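Examination of the molecular architecture
Next come the chains, spelled out residue by residue.
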Amino acid sequence: MIYFLETESATHMAYLAETIPESRKAEYTIMFVNGTLNKHLKEIQETAQDRIDIIIEQLKQQNNLTEEMKNTAQLYWVSMMNNFRNTAEEIVLNELIYV
């Protein structure tokens, strides 16, 4: 979880550096100089993690994946959870990071 947040912060920062239009570069430069860029990135991290958690719970409900399955069908449960996490992270990347 923390790894994802650190990675997404770095990904977002790299994305900003490469793709933001000239008109917005000044905004991010000002945020960096004022010391508010890290706060902005932390807010994005927290929002991203909250959104991932919500998406995973929704996917678990849609696919009837229960905590009981951890004990009865471990490999299935783990593979589904990995699938849900990857799906949720991809959605969040497109919703929050690459915007």
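Residues numbered from 1 in each chain as written. Predicted model: local features only at pLDDT ≥ 70, side-chain atom pairs only at ≥ 80, totals over all residues. Heavy atoms only, no water.

Describing the confidence of the model for the chain
The predicted model of the chain averages 84 in pLDDT, with 81% of residues at 70 or higher. Here helix H1 (residues 2-19) stands out as the element of the chain with the lowest mean pLDDT, 63, in contrast to helix H5 (residues 74-97), whose mean of 93 is the highest. (pLDDT = per-residue confidence, 0-100. Helix = DSSP H or I, 4+ residues; strand = E, 2+ residues; numbered from the N terminus.)

Observations regarding the packing of helix H3 (residues 37-62) against H5
Taken N-terminus to C-terminus, the directions of H3 and H5 make an angle of 135°; their axes are 9 Å apart at the nearest point. Taken as axis vectors, H3 and H5 run oblique relative to one another. As H3 runs across H5, the sense of the crossing is right-handed. Of the residues in H5, those in contact with Ile44, Thr47, Ala48, Gln49, Arg51, Ile52, Ile55, Ile56, Leu59 and Lys60 of H3 are Met81, Phe84, Arg85, Thr87, Ala88, Glu89, Ile91, Val92, Glu95, Leu96 and Ile97. (Axes fitted to C-alpha atoms, helices over the stretch in contact; angles between N-to-C directions. Parallel < 35°, antiparallel > 145°, perpendicular 65-115°, else oblique. Left-handed = near helix turned anticlockwise from the far one by under 90°. Contact = heavy atoms within 4.5 Å.)

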